[in-house]
Amino acid sequence: MLRGFKTVAVFIIVMAFVGAVVGVLLGALADNYLLWVAVMAVVGSGMGLALGYGMLPES
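Read on for an overview of the structure. (Residues numbered from 1 in each chain as written. Predicted model: local features only at pLDDT ≥ 70, side-chain atom pairs only at ≥ 80, totals over all residues. Heavy atoms only, no water.)

**Observations concerning the overall build of the chain**
Here is the rule: Numbered from the N terminus, helices here are DSSP runs of H or I no shorter than four residues, and strands are runs of E no shorter than two. For the exposure calls, accessible area comes from a 1.4 Å probe over protein chains only, and a residue counts as buried if that area is under 20% of its type's maximum, exposed if over 50%, partly exposed in between. Contact criterion: two residues are considered in contact whenever any of their non-hydrogen atoms come within 4.5 Å of each other. For accessible areas, the Shrake-Rupley method is used with a probe of radius 1.4 Å. Any residue's cover is judged against the shown protein chains and nothing else.
Regarding its fold elements, the chain presents 2 helices and 0 strands. Along the three orthogonal principal directions, the C-alpha set of the chain runs to about 45 × 15 × 10 Å. Put simply, the chain has 59 residues, and 20% of those count as buried. Once local pairs closer than 6 in sequence are excluded, the contacts in the chain between residues at least 24 apart make up 58%. Surface summary for the chain: the accessible area is close to 4,500 Å², and the carbon and sulfur share equals 78%.

Structural data, given as C-alpha cells:
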C-alpha cells in the first residue's frame, strides 16, 4: 500500500514540474509568468494524480 502511495506521489510531483515548465512557456507569451506557472502546475498535478492512479495494480 505504501508503494502505491509512493507511485502516485512521484507521478504528481513529476507532472507538476512538467506543468510548471509549460507554464513558463505560456507565461512568456502572455507576459504573466507567475499566474501561468501556478495554473499549469495545478493542472499538471491533477494529471499526475490521474496517471499515478492508473498505474496502480488492480488488486
